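Here is what each chain is made of, one letter per residue.
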Amino acid sequence: MQLLWTALGIVAGFTVIFSFLPQLDPKVLTLKSLPVLAHRVIHEHPTEDNTTAAELFSKVRILCWVMTAPQSLETKARHVRATWARRCNVVLFMSSQADAAFPAVGLGTREGRDQLYWKTIRAFQHVHQHYLAQADWFLKADDDTFVAVDNLRWLLSAHAPDRPIYFGKRFRPFVAQGYMSGGAGYVLSREALRRFVAGFQTQVCSHTSPVEDLALGRCMEKMGVEAGDSRDATGQETFHAFPPERHLRGAFPKDPSYLSYSYYPVLGGPQSCSDLTISFHYVSPEQMYELEYFTWHLRAYGYRPRRQPVPAGQTPLATKDRVQLSQPERGRTQGSGVGPFARGANHNHVTYLPRS
Amino acid sequence: MRSSRAQSRLPVRVVGCPTSSRASGGPGTMISESTSFVKGVLLGGIFCVLVTFLGHIKTGYWTKVRHHEHHHIQAPNQEDVSNLSEVERVELSQSIRVYCIILVKPKDLGHWAAVKETWSKHCDKAEFYSSENVKVFDSITLNTDDMWAMMRKAYKLAYDHYKDEYNWFFLARPTTFAIIENLKYFLLKKDSSQPFYIGHTVKSGDLEYVDGEGGIVLSIESLRRLSKVFEDPDKCPEQGGMIWKLSEDKQLAVCLKYTGAFAENAEDSEGKDVFNTKSVGSLIKEAMSNHPQQVVEGCCSDMAITFNGLAPNHMHVMMYGVYRLRAYGHDFNDALVFLPPADSDND
């Protein structure tokens, strides 16, 4: 009888130890373990030198406010919050109603397309009241706008924030100096913001129309704020009213309504987008992450870009010095081949420097 | 599993009849029974440990079901790279010469055009191997539309013509987008006279193969061995599998295995795949549902080499995204130098 129990004990002992063995055996651990995702806000490549970007972060301070709505917070705005918004010096999400958790500022308006200008006015007033000293430039974007904030700093580094100027994708009609597309995002200097708010205080500006970008453009003109030229020194646009595929592959140069809206001559194909693009609009949540990946992560190792931009802080060519790339010949997609930036000039690299 | 465990169990001798012994039991017998039991447990445990210790290698087989054996291969990391002198860097940039084979059919015309206009310009040489002649584009005509036959012919032709000019051979589908600079960085410290067979690997039963959708990289040595084994119809038949037809990427793996070249999965220094069989968009979508707090950081490698399943227009957007769109103020201290190709404006 005792032997029976002993035997049963042997079996039990063997089985128990055997079943514990695999956990002790290191070979069982899979060779490929999941990478530990460090909880850093900004990912860095090991060979990356961020000194210039970090300098610009403190020299060119940008407050970003994102136009959103209660029903879009979780479907759209959160993807902005997870991507480019982290690179602003200050970021605010503006909604008709406050949301402490998101967080979103409540503007006290209703929702809807007809409320866009009201929301814009209230948003800028809020920013002026609480954040004026915290930033030099004030960007408005939609919750489906992608903004390469580092490139925006590059553009703005050549301009003083106490100058009354604003930048964006410039449209031609209705306003003499043109106005900036709302969806493509626009950015006001501190002085421009002061004048906008002052305009409403003195009633020089008022709620003339629900069409936010046009109405704001009219106010800017009235208050003596200049509509700036945001193109890079080869004439390529940096702010865009549509997603990248439409600009790079679309038929814009032949689209009469787009041609009539665009302040500058429309370039098609690869010329439609600067290397240092600042914005795209109508960007889906998935594409928001894709653009983040392209802008700050994926790159071609060792590749020397074909176009080297003017270094930060240097003025890009003034309009009068700028080579006429394609004169009002609407529908032409290529530059006209004049000057050192001409296509067909005999070099692989186009390095453009400011004229002294 | 269960049966092998049963075999290693000690034979059990049942002594006596349970009922009769219980009839005579009492507290005393219970104590002695439990003592015996405990002794048995200890004996059994020690025995098992001894067996394991002595037959250490064997336990690996028992746990094989949970344990996959992949060959993994990694990109060089910063330490490898910064040890190179300037002279070594220049020499290396020029010594890695990649020949690109793109297998196409007339139905792929849209993708073919996109590949021609985009990433293939960054290969040291890129040629399109077509099932049949197409007027619009130059190609090397293979006169077959069977994928395995196409692959064999293309590899044979590439080896015969270019064995002295290129040391790495990259084969892609027309739906693939490749970043050749990142491929060269990946191959930086790998000796092409060794039999490398690299890409996104998949295990199918006992066979580990490189998935053709992610692109296939062969060193010149692998290609040399492949050329030889093509002449052996038993090891590497022209018609694919005997019983059922193997896909061409599996067939390639079988042939290469006979020559001693084994598939290796390529990863970056964080363990992320660099050859992808899906598009950036698909991978982002998966990341959005699997780890929504770390979508980009968890999705794809910064040094990705391939993506697949791209529409022609997407290739143009990728070209812009990879070679042009960048964030100002982020500089890189790279070990290799690649210049933009001549006669091109989308990079």
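Residues numbered from 1 in each chain as written. Chains lettered and ligands numbered in written order. Predicted model: local features only at pLDDT ≥ 70, side-chain atom pairs only at ≥ 80, totals over all residues. Heavy atoms only, no water.

With an unreviewed UniProt entry as reference, chain B is termed C1GALT1-specific chaperone 1, source organism Alligator mississippiensis. Looking at chain B in UniProt, the text filed under Subcellular location (unreviewed entry) is "Membrane". Here chain B is described in UniProt, under the heading Sequence similarities (unreviewed entry), as follows: "Belongs to the glycosyltransferase 31 family. Beta3-Gal-T subfamily." (UniProt positions renumbered as here; feature names shortened; annotations may be inferred.)

Draft legend 1. Main features of the overall build of chain A. Looking only at helices and strands, chain A has 10 helices and 14 strands in total. Across the 356 residues in chain A, those meeting the buried criterion constitute 57%. A fraction of 77% describes how many contacts in chain A between residues 6 or more apart in sequence connect residues 24 or more apart. Of the roughly 15200 Å² of accessible surface on chain A, a fraction of 56% belongs to carbon and sulfur atoms. (Helix = DSSP H or I, 4+ residues; strand = E, 2+ residues; numbered from the N terminus. Buried < 20%, exposed > 50% of the residue type's maximum accessible area, 1.4 Å probe, protein only. Contact = heavy atoms within 4.5 Å. Areas by Shrake-Rupley, 256 points an atom, 1.4 Å probe, with all protein chains shown as cover.)

Draft legend 2. Region of the structure containing the packing of aromatic side chains. Evaluated as defined, the whole model comprises 30 aromatic pairs over all chains. With 6.3 Å between their ring centres and 75 degrees between their planes, Phe174 of chain A and Tyr261 of chain A make a pair best called edge-to-face. Of this pair, Phe174 of chain A sits in the loop between strand E8 (170–171) and strand E9 (179–180) while Tyr261 of chain A is found in helix H9 (residues 256–261), placing the two residues 87 residues apart along the sequence. Judged by relative accessible area, which is 33%, Tyr261 of chain A ranks as partly exposed. Pairing Phe242 of chain A with Tyr282 of chain A gives two aromatic rings, centres 5.8 Å apart and planes at 35 degrees, and the pair type is tilted. Taken as a pair, Phe242 of chain A in the loop between strand E11 (226–227) and helix H8 (244–249) and Tyr282 of chain A in the loop between strand E12 (279–280) and helix H10 (285–296) lie far apart in primary sequence, 40 residues in all. On the basis of relative accessible area, Phe242 of chain A is assigned to the buried category, the value being 18%. Through a chain of ring-to-ring contacts, the aromatic side chains of Trp65, Tyr117, Phe124, Tyr186, Phe196 and Phe200 of chain A assemble into a single cluster. Here the guanidinium or amino end of Arg170 of chain A rests over the ring plane of Tyr263 of chain A, the centre of that ring lying 3.7 Å away. Cation over ring: Lys190 of chain B sits above Phe186 of chain B, and NZ or CZ is 4.4 Å from the ring centre. (Phe/Tyr/Trp six-rings, centres within 6.5 Å; stacked < 30°, edge-to-face > 60°. Lys NZ or Arg CZ within 6 Å of the ring centre and 35° of its normal.)

Draft legend 3. The sheet that holds strand E2 (residues 98–104) of chain B, seen in detail. Residue and element names in this part refer to chain B. The sheet built from 8 strands is open, its strands ordered E1-E11-E7-E10-E5-E2-E3-E4 with mixed pairing. Each edge of the open sheet is held by one strand with a lone partner, namely strand E1 (72–74) and strand E4 (140–141). The sheet contact formed by E2 and strand E3 (residues 125–130) spans 6 bridges and is parallel. Counterpart to Cys100 in the pairing with E3 is Ala126. Of the strands in this sheet, E2 and E3 are in contact with helix H7 (residues 109–117), which crosses E3 at around 170 degrees. In the packing of helix H8 (residues 147–162) onto the sheet, the strands contacted are E2, E3, E4, strand E5 (168–172) and strand E10 (216–219), and the crossing angle to E2 comes to about 150 degrees. (Pairing = 2+ DSSP bridges. Axes fitted to C-alpha atoms, helices over the stretch in contact; angles between N-to-C directions.)

Draft legend 4. Structural detail: the interface of chain B and chain A. Between chain B and chain A, the residue contacts involve 90 residues of the former and 85 residues of the latter. Where chain B abuts chain A, roughly 8400 Å² becomes buried across the two surfaces, and 63% of that area is made up of carbon and sulfur atoms. Among the residues chain B hides against chain A, the three largest losses belong to Asp302, Arg326 and Tyr328 of chain B. Together they make up 10% of the total. One salt bridge in this structure joins Asp347 of chain B and Arg306 of chain A, with 2.6 Å as the shortest N-O distance. The interface formed by chain B and chain A includes 38 residue pairs in polar contact (both at pLDDT 80 or more). With 13 residues, the top contributor of residues to the side of chain B that touches chain A is helix H3 (residues 27–54) of chain B. Residues of the side of chain B that touches chain A, tallied by class, amount to 40 nonpolar, 32 polar and 18 charged. (Buried area = accessible area lost by both parts, 1.4 Å probe. Salt bridge = Lys/Arg side-chain N within 4 Å of Asp/Glu carboxyl O. Polar contact = N/O pair within 3.5 Å; in protein donor to acceptor, adjacent residues only side chain to side chain. Nonpolar A, V, L, I, M, F, W, Y, C, P; charged D, E, K, R; others polar.)

Draft legend 5. View of the packing of helix H4 (residues 116–131) of chain A against helix H6 (residues 190–201) of chain A. Residues and elements named next belong to chain A. Running from N to C, H4 and H6 point in directions that differ by 115 degrees, and their axes come no closer than 10 Å. With respect to the hand of their crossing, H4 and H6 are arranged in left-handed fashion. The residues of H6 that touch H4, namely those facing Tyr117, Ile121, Phe124, Gln125, Val127 and His128, are Leu193, Arg194, Phe196, Val197 and Phe200. For the contact of H4 with H6, the residue count by class is 8 nonpolar, 2 polar and 1 charged. (Left-handed = near helix turned anticlockwise from the far one by under 90°.)

Draft legend 6. Representation of the pairing of strand E2 (residues 62–67) of chain A. Residue and element names in this part refer to chain A. For E2, a buried count of 6 out of 6 residues is recorded, marking the element as mostly surrounded by other parts of the structure. Burial along E2 is two-sided: the residues Ile62, Cys64 and Val66 and Leu63, Trp65 and Met67 are all buried. When E2 meets strand E5 (residues 137–142), the two strands line up parallel, connected through 6 bridges. Bridging from a neighbouring strand, Ile62 pairs with Trp137 of E5. Both E2 and strand E3 (residues 90–95) contribute to a ladder of 5 bridges, which runs parallel. Paired with Val66 across the two strands is Phe93, which belongs to E3. A crossover connection joins E2 to the parallel E3 through helix H3 (residues 73–82); in handedness this β-α-β unit is right-handed. (Right-handed = clockwise from strand over helix to strand, strands pointing away.)

Draft legend 7. Structural detail: empty space enclosed by the protein. All names here are of chain A. Taken as a whole and assessed by the stated rule, the structure comprises 4 cavities of 30 Å³ or more. Taken as a whole, the largest cavity holds about 110 Å³ of empty space. As for the largest cavity, its lining consists of 14 residues, of which Glu237, His247, Tyr258, Leu267 and Ser272 are closest to the centre. Among the residues making up the lining of the largest cavity, the classes are represented as 7 nonpolar, 5 polar and 2 charged. (1 Å grid on protein atoms, 1.4 Å probe; cavity = no way out; pocket = protein on both sides within 12 Å on 5 of 7 lines; lining within 4 Å. Points joined across faces, edges and corners; volume = space filled by probe spheres on them.)

Draft legend 8. Quick look at the pattern of salt bridges. Per the counting criterion, the structure on display carries 31 salt bridges over all chains. Here Arg326 of chain B and Asp275 of chain A are joined by a salt bridge, their closest N and O atoms 2.9 Å apart. Highlighted residues: Arg326 of chain B in the loop between helix H14 (312–323) and strand E13 (331–332) and Asp275 of chain A in the loop between H9 and E12, drawn from two different chains. With respect to burial, Arg326 of chain B and Asp275 of chain A carry one shared label: buried. Within the structure, one salt-bridge network assembled from shared partners comprises Arg86, Arg87 and Glu292 of chain A together with Glu297 of chain B.

Draft legend 9. Expanded view of the nonpolar core. Trp84 of chain A together with Trp119, Phe170 and Phe307 of chain B are the most contacted members of the largest nonpolar core, which has 108 residues in total. The element best represented in this core is H14 of chain B, accounting for 7 residues. Beyond its immediate sequence surroundings of up to four residues, Trp84 of chain A is in contact with Cys64, Val66, Leu139, Ala141, Thr145, Phe146, Val147, Val149, Met288, Glu292 and Trp296 of chain A. (Core = buried A, V, L, I, M, F, W, Y, C linked by side-chain atoms within 4.5 Å.)

Draft legend 10. A look at the packing of H6 of chain A against helix H7 (residues 212–222) of chain A. All names here are of chain A. Closest axis-to-axis distance for the H6/H7 pair is 10 Å, and the angle between their directions is 95 degrees. Compared by their axis directions, H6 and H7 come out roughly perpendicular. Here Ala192, Phe196 and Phe200 of H6 lie close against H7, whose contacting residues are Leu216, Cys219 and Met220. (Parallel < 35°, antiparallel > 145°, perpendicular 65-115°, else oblique.)

Draft legend 11. Representation of the side chain of Gln115 of chain A in the model. All names here are of chain A. Note on placement: Gln115 falls in the loop between strand E4 (105–106) and H4. With relative accessibility at 6%, the residue Gln115 sits in the buried group. One polar contact links Gln115 to Asp114, side chain to side chain, over a distance of 3.5 Å. Look past the residues within four positions of Gln115 in its chain and what remains in contact with it is Thr109 and Arg110.

Draft legend 12. Representation of the layout of surface pockets in the model. Residue and element names in this part refer to chain A. In this structure, the largest pocket occupies an estimated 860 Å³ of space. Along its surface, the largest pocket is lined by 35 residues, and Arg113, Leu116, Asp142, His281 and Tyr282 are the ones closest to its centre. At the level of elements, H4, E5, H7 and H9 are the ones that each hand at least two residues to the lining of the largest pocket. The residue inventory of the lining of the largest pocket, partitioned by class, reads 14 nonpolar, 9 polar and 12 charged.

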